[in-house]
Number of protein chains: 2
Amino acid sequence: MKYDNRPIGVFDSGLGGLTVVATMKKLLPHENIIYLGDTARVPYGDKSPANIIRFGIEDTAFLVTKGVKLIVVACNTVSAIAIAEIRTKFPNVPVIGVLEAGVAACLKAKPKYVAVIGTRATVSSDAYRREIHAVNPEINIKTIACPLFVPIVEEGLADNEISRLTIEFYLKPLKKKTPDMLLLACTHYPLLKKSFQSYLSKKVKIVDSAEACAKFAEEYLRENSLSASKSAAGTERFYVTDMPDSFFKQARKFLGRDLEHFQKVSISEN
Amino acid sequence: MKYDNRPIGVFDSGLGGLTVVATMKKLLPHENIIYLGDTARVPYGDKSPANIIRFGIEDTAFLVTKGVKLIVVACNTVSAIAIAEIRTKFPNVPVIGVLEAGVAACLKAKPKYVAVIGTRATVSSDAYRREIHAVNPEINIKTIACPLFVPIVEEGLADNEISRLTIEFYLKPLKKKTPDMLLLACTHYPLLKKSFQSYLSKKVKIVDSAEACAKFAEEYLRENSLSASKSAAGTERFYVTDMPDSFFKQARKFLGRDLEHFQKVSISEN
């Protein structure tokens, strides 16, 4: 058995992608993980495609300099808009993203009617619809942009009347004709999962793209003989491009524990 | 009478500063205005002081290349954190900011108890309290960071049950002991002014730093013989660093009309 102990590089526009890292640590406890959160330019969700592509390439370039064996794009916006450009720019490193992981998990469950919710940029890109329909054009898909969910989660209001009203505001159209699946196309949304489930019928299956992404990475490593040796626990290192006051509180929310071994870096030259 | 027809340069992290331009156009119809909105890096409110200073200097540098006679910092976050650094870096151009304008308007009304609301960065800086107390340490000041108001305004929910609940969430502490003044330390907040007034007592005077800033600019030009000739209507030119899908809708909300003569530019080296 051959092992590959090089780290996995994970990046997101900010700290939301730590929900992916949290699941990866459970599924892949022996892997070394390097995380980059571009907190100086967060959020990407309301930016234009040209800038999202540039930011995604800069984030990847930083992780590539750390000698990673796999890039995990834990940002739905980048995953929806810039992944082809990233692959073209870095042909020697495999790149997987939350989007393809979410789409794979969705298709596996064979739904008939799927509601996809995410940031404005993710929804405008229509990438989830395109990727799902490329495999099964029979699936009925409704997409809804929900820009308020990210700041609500970041304010710690996931379990508050404000979030309930906002969920009603965005998801009311789903009450007329209930989908059999709700696909969470944003790494912040797992923190609202319970509230989504209690607003919609309990029959609605919720697919969380962050969780799907960690599973997808686990499979990818196994199938491509890239897994790390099981002789030691994996290490982790976190890089961010900015550290505002709220940094630690936010990180704890998404990671489920305190952040250790973190460092502030500058990642872009232009 | 001497005239100075060089343009006034106004900048903000995004499009919220257009509320300052809207008032300036009423007060100063003959002035030429150049506006820069750093929409690629918006919002600044949750970033660290070091990055806010860097962004503010880059924004100013761009406007200085356009030959402006005055810089108006229409961003409360930059105004609270970076204005001294900007003045040091650009000693030959006068720089005024929403913060000093808001503070001046506040002091003029001689309040006893003022509540200041703004983004997390503006409130953490404690700059409003410092500036007000530098002149009158007797004034009782309460500051409240309200990060959800900006995305609520941008989602067009200023007049919705969600905004009413969020106002209650943030401003409830003011119900116990009602202030005689509410100082809006963010250019997005004028769009919530009516809702603030109806939540608090009608006796509470609301000072809008955006409106105060336009008045302050008008006085500054007059007192320093920098006013433009009244022989022609002023021109305006808008620059942004990114133009996402929602750009026009947002701009219309803050400016009160459609944006003309706009251009996308790149302003930073990193």
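Rules used in this analysis
All residue numbers refer to position in the chain's written sequence, counted from 1. Chain A is the first chain written and ligand 1 is the first ligand written, with later ones labelled in order. Totals for whole chains, interfaces and linings use all residues, but because this is a predicted model, local features are given only for residues with pLDDT of at least 70 and pairs of side-chain atoms are given and counted only at 80 or more. Remark: hydrogens and water are excluded; side-chain values derive from all non-hydrogen atoms of the structure. Secondary structure counts use DSSP, requiring at least four H or I residues in a row for a helix and at least two E residues in a row for a strand, with both numbered from the N terminus. This radius of gyration counts C-alpha atoms alone. The globule rule is 2.2 Å times how many residues there are, raised to the power 0.38. Throughout this description, buried means an accessible area under 20% of the type-specific maximum (1.4 Å probe, protein chains only), exposed means over 50%, and partly exposed covers the range between. A contact between two residues is defined here by any heavy atoms of the two lying within 4.5 Å. Where each domain starts and ends comes from a domain assignment, either automatic or drawn from a database. Throughout, buried area stands for the accessible area (probe radius 1.4 Å) lost by two parts on being put together, summed over both. The term salt bridge refers to a side-chain nitrogen of Lys or Arg lying within 4 Å of a carboxyl oxygen of Asp or Glu. In the analysis that follows, any N or O atom pair within 3.5 Å is treated as a polar contact, provided that within protein one partner can donate a hydrogen and the other can accept it, and provided that, for residues neighboring in sequence, both atoms belong to side chains. Least-squares superposition of the copies uses the C-alpha atoms of those residues scoring a pLDDT of at least 70 in each of them. Simply put, an axis is a line fit to the C-alpha atoms, just over the touching stretch for a helix, and the angle between two N-to-C directions goes from 0 to 180 degrees. Relative orientations are named as follows: roughly parallel for angles under 35 degrees, roughly antiparallel for angles over 145 degrees, roughly perpendicular for angles from 65 to 115 degrees, and oblique for any other angle. Residues belong to a common nonpolar core when they are buried Ala, Val, Leu, Ile, Met, Phe, Trp, Tyr or Cys residues joined through side-chain atoms within 4.5 Å. Here, any two strands with at least 2 DSSP bridges between them count as paired. What counts as a disulfide here is a pair of cysteine sulfur atoms lying within 2.5 Å. Two helices cross in a left-handed way if the nearer one is turned anticlockwise from the farther one by less than a right angle. They cross in a right-handed way if the turn is clockwise. In this classification, the charged set is Asp, Glu, Lys and Arg, the nonpolar set is Ala, Val, Leu, Ile, Met, Phe, Trp, Tyr, Cys and Pro, and all remaining amino acids, among them Gly, are polar.

Here the focus is the overall build of chain A. Helix and strand counts for chain A come out as 13 helices and 10 strands. In summary, chain A has a C-alpha radius of gyration of 18 Å against a globular reference of 18 Å for 270 residues, a match within 12%. Overall, chain A is about 50 × 40 × 35 Å in size when its C-alpha atoms are taken along their principal axes. Counting across all 270 residues of chain A, residues that qualify as buried make up 60%. Across chain A, every contact between residues at least 6 apart in sequence was considered, and the portion connecting residues at least 24 apart equals 76%.

Residue and element names in this part refer to chain A. Partitioning chain A into structural domains gives domain 1 (8–97 + 211–264) and domain 2 (100–209). Distance from the C-alpha centre of domain 1 to the C-alpha centre of domain 2: 22 Å. With 27 residues of domain 1 at the contact, the number on the domain 2 side is 25 residues. Carbon and sulfur atoms supply 53% of the area that domain 1 and domain 2 bury against each other, a total of about 1,800 Å² over both sides. Taken together, the links from domain 1 to domain 2 amount to 1 salt bridge. Across the salt bridge formed by Arg87 and Glu100, the nearest N and O atoms sit 2.8 Å from each other. At the boundary of domain 1 with domain 2, the tally comes to 17 residue pairs in polar contact (both at pLDDT 80 or more).

Here we take up the relation of the copies chain B and chain A. By a simple turn and slide, chain B fits onto chain A: the slide is 0.0 Å along the axis, the RMSD is 0.0 Å, and the turn is 180 degrees. Look at the turn and shift together and you get a two-fold axis relating the two. Counting the interface residues of chain B, we find that 100% of their copies in chain A are interface residues as well, pointing to one common contact surface.

Another point: the packing of helix 5 (residues 98–108) of chain A against helix 12 (residues 209–223) of chain A. Residues and elements named next belong to chain A. Across the interface, helix 5 lies against helix 12 with an axial gap of 8 Å and an inter-helix angle of 95 degrees. Between helix 5 and helix 12, the interaxial angle falls into the category roughly perpendicular. Residues Val98, Glu100, Ala101, Gly102, Ala104 and Ala105 of helix 5 lie in contact with helix 12, whose contacting residues are Ser209, Ala210, Ala212, Cys213 and Phe216.

Moving on to the nonpolar core. Ranked by internal contacts, the top residues of the largest apolar core, which has 117 residues, are Phe196 of chain A together with Phe196 of chain B. Setting aside chain neighbours within four positions, we find Phe196 of chain B in contact with Ile117, Phe149, Ile167, Leu171, Leu182, Leu184, Tyr189 and Ile206 of chain B.

Strand pairing in a sheet is mediated by backbone hydrogen bonds. Such pairs are either parallel or antiparallel. Residue and element names in this part refer to chain A. The strand order 4-3-1-2-9-10 describes an open sheet built from 6 strands, whose pairing is parallel. With one partner strand each, in any of the chains shown, strand 4 (95–97) and strand 10 (262–264) form the two edges of the open sheet. When strand polarity is set aside, the average angle formed by the axes of neighbouring strands in this sheet is 20 degrees. As judged from the 5 bridges shared by strand 1 (residues 8–12) and strand 2 (residues 33–37), these two strands associate in the parallel manner. Bridging across to strand 2, Ile8 finds its partner in Ile33. Contacts from helix 5 reach strand 3 (70–73) and strand 4 within the one sheet, and its direction differs from that of strand 4 by about 60 degrees. Its contacts with the sheet place helix 12 against strand 1, strand 3 and strand 4, and it is angled at close to 165 degrees to strand 3.

Residues and elements named next belong to chain B. Looking at where Ile144 falls in the secondary structure, it is placed in strand 6 (residues 140–145). Measuring from C-alpha to C-alpha, the distance between Ile144 and Ala214 comes to 24 Å, with 70 residues separating the pair along the chain. If we skip the residues at most four places from it in the chain, Ile144 touches Val116, Ile117, Gly118, Val123, Tyr170, Leu171 and Leu174.

Residues and elements named next belong to chain A. Ordered by their spatial adjacency, 4 strands build an open sheet running 6-5-7-8, and the pairing between neighbours is parallel. Two strands bound the open sheet, and with one partner strand each, they are strand 6 (140–145) and strand 8 (205–208). The sheet shows a mean angle of 20 degrees between the axes of neighbouring strands, taken without regard to direction. Pairing of strand 5 (residues 113–118) with strand 6 involves 6 bridges; the strand directions are parallel. From the neighbouring strand, Ile117 faces strand 6, where its bridge partner is Ile144.

Across all of its chains, the model carries 0 disulfides over all chains by this definition. In this structure Cys213 of chain A is a free cysteine whose sulfur lies 11 Å from that of Cys75 of chain A, the closest cysteine sulfur available. Cys213 of chain A sits in the buried class, given a relative accessible area of 0%. Here Cys186 of chain B stays free of any disulfide, with the sulfur of Cys75 of chain B as its closest cysteine sulfur at 8.2 Å. Since its relative accessible area comes to 6%, Cys186 of chain B is described here as buried.

Listed per partner, the contact involves 33 residues of chain B and 34 residues of chain A. Roughly 2,600 Å² is buried in total at the junction of chain B and chain A, and carbon and sulfur atoms are behind 57% of that figure. The largest share of the area that chain B buries against chain A comes from Leu148, Glu155 and Ile162 of chain B, three residues that together contribute 20% of it. Connecting chain B to chain A are 2 salt bridges.

Residue and element names in this part refer to chain A. It is the contact of helix 1 (residues 18–27) with helix 12, at a shortest axis distance of 8 Å, that shows an interaxial angle of 45 degrees. The pairing of helix 1 with helix 12 is recorded here as oblique in orientation. Considering how the two elements wind past one another, helix 1 and helix 12 form a crossing that is right-handed. In this structure, helix 1 uses Thr19, Val20, Thr23, Met24 and Leu27 to contact helix 12, whose residues at the interface are Ala210, Glu211, Cys213, Ala214, Lys215, Ala217 and Glu218. Among the residues forming the contact of helix 1 with helix 12, the class breakdown is 7 nonpolar, 2 polar and 3 charged.

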